[in-house]
Structures are given as C-alpha cells and as structure tokens.
Amino acid sequence: MRFDILTLFPGIFTGYLGQSLLAKAQEAGLVDVQLHDIRQWSRDKHHKVDDRPFGGGPGMILQVEPVVDCVEAVQQLAPPGRLMTLSGRTLNQQVVEELAKEPRLLVLCGRYEGFDERVFEILRPDEISIGDYILNGGEAAAMVVIDAVIRLIPGVLGDEESNQHDSFSSGNRLLEFPQYSRPREYRGHTVPEVLVSGNHEQIARWRREQSYLSTRQRRSDLLDPPNTEHTDGKD
C-alpha cells in the first residue's frame, strides 16, 4: 500500500518512518510512504504558501494555488488513490477498514487556520477527522491514520489473527480483556488462576466475560441492546 503525505513539514515524519512495524513493513515492500513538501509548488520566490484571509480575521490560511498544484502533481506519480484531508467525519475502526482496502492514500496535512475553501471545491477530498480537538497541523493526525491502517495490511503484523480481535473492529465491538505476563505475583497483585489453569475453554469464557465487563464499565455506548447472550459472571 502506498501513502503520499503532502505537508509543509516533511521532517516531522523522519523518526516515525524509521521505527517499529512501519519500518519493517517498508523494508518488506508491504508499505510505501512518500513525503511531498507543498512549498515546492509555491509560485512565490520565497516559497510562501500562506496569506491573510479575505474579509479579515485572525491567522493565515494555506493558499489554493500551491496546494492544488501539489496534489495534482503527486496524483500523477502513481495509479489514482483516495485523497484525504484531516477534518470531517470521525475516524473509527470501520473507516480504517474501509481505507485499508485502498491501494493508495494521499493525505493532505493542513496548517495555520486551514485551507482556502477552493481547495475543497476543486479537489473534493475525503474529509476525515481523528477527533474533536485542534492540533497545530495535520502531521500527527496523518501518523494516526498510517498507524491504524497498516495493521490491516496482510503481512505487517507478526500474528495474522491479531487485527481480527482488535477492539472496535467489525468482528469485535468489545474492549480488550485484561492480559498478564511474568511474574505471576508482583507487590501483592497476582495473575488470575484461570489463566494459568491450562483449561482453554475456561480461559476463553473468562476473556469474553472480562471484555464485556470492561466495555460495560468504560464504553457502554459500544454495546448492543441488552441480550441474554452476554454474561458478567453473576447469577
């Protein structure tokens, strides 16, 4: 899968791209991340890409010309892909699953007070937001999108079943069950006996119950209407 990141600050991605699963996925040829500096398409001799908005108001906005020119040039570098901006409908796991089916994503990172509205009128991007809060720019949000999407690309995770059990996925609406590792006892806190019992049926039942309890306590909005199939371990 190819990601084209269009940004004013490509250097922000340097450390991120060279670490962990993403670095391994790129080395294996499963993921290709290309960075494009929007300033290179500026028509100003000083590579300026922002200006004051007509009608007044605080701050600066990104000009339409360098942004549209940059996007159109990058689009021609590979087969067509989905263009995204990082504001709009909320990103959730179902949207991530949708994006992971694309062979190519172009992610346009905003800065300052946003884009000249004609960017949206001309390019018609898919507008997706990672949440109802304000960032200094779209670069951090772009990393969130990349991190979420690459988990669903075959071969990226060491265990191919891992993403099938992720919380919020289409196959699992419950939060993760508690997990433990060595040592079995630490500062008076012990691992539940069922997990060291060797009884896989009981372990699976305990994990389902704990997932349901955790979801009910923390994110009850994720639960379906009450039904008799769920159990909290009480009579």
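For the structure itself, consult the block above.
Since this is a predicted model, take the numbers as computed values, not measurements.

The rules we used
Residues numbered from 1 in each chain as written. Predicted model: local features only at pLDDT ≥ 70, side-chain atom pairs only at ≥ 80, totals over all residues. Heavy atoms only, no water. Helix = DSSP H or I, 4+ residues; strand = E, 2+ residues; numbered from the N terminus. Expected span 1.5 Å × (residues − 1). Buried < 20%, exposed > 50% of the residue type's maximum accessible area, 1.4 Å probe, protein only. Pairing = 2+ DSSP bridges. Axes fitted to C-alpha atoms, helices over the stretch in contact; angles between N-to-C directions. Contact = heavy atoms within 4.5 Å.

A.B. asks: Can you explain helix α3 (residues 64-75)? Please cite residues and give values.
C.D. replies: Taking 1.5 Å of rise per residue, 12 residues should cover 16 Å, and α3 covers 16 Å from first to last C-alpha, within 8% of that figure. Restricting attention to buried positions, one finds in α3 the residues Val64, Pro66, Val67, Val68, Cys70, Val71 and Val74.

A.B. asks: Quick one: what's the story with the sheet that holds strand β1 (residues 2-7), residue by residue and with numbers?
C.D. replies: Through backbone hydrogen bonds, the strands of a sheet pair up, either in parallel or in antiparallel fashion. Taken in spatial order, the 5 strands line up as β2-β1-β6-β5-β7 in an open sheet, and their pairing is parallel. If you trace the sheet from one side to the other, it starts and ends with β2 (32-37) and β7 (126-129), each paired once. Taking each pair of neighbouring strands and ignoring which way they run, the sheet shows an average axis angle of 35 degrees. The pairing of strand β5 (residues 82-90) with β7 spans 4 bridges and is classified as parallel. Paired with Arg89 across the bridge in β7 is Ile128. Helix α6 (residues 139-150) contacts β1, β5 and β6 (104-108) of the sheet and is inclined by roughly 175 degrees relative to β1.

A.B. asks: Outline unusual backbone geometry, supporting the account with residue identities and numerical values.
C.D. replies: Omega for the peptide link from Arg182 to Pro183 comes to 5 degrees, which places this bond in the cis form. Among the structural elements, Pro183 can be located in the loop between α6 and β8 (185-186). Of note in this structure, Arg124 is not a glycine but carries a positive phi near 50 degrees. Mapped onto the secondary structure, Arg124 falls in the loop between α5 (118-123) and β7. Using a relative accessible area of 67% as the deciding quantity, one classes Arg124 as exposed.

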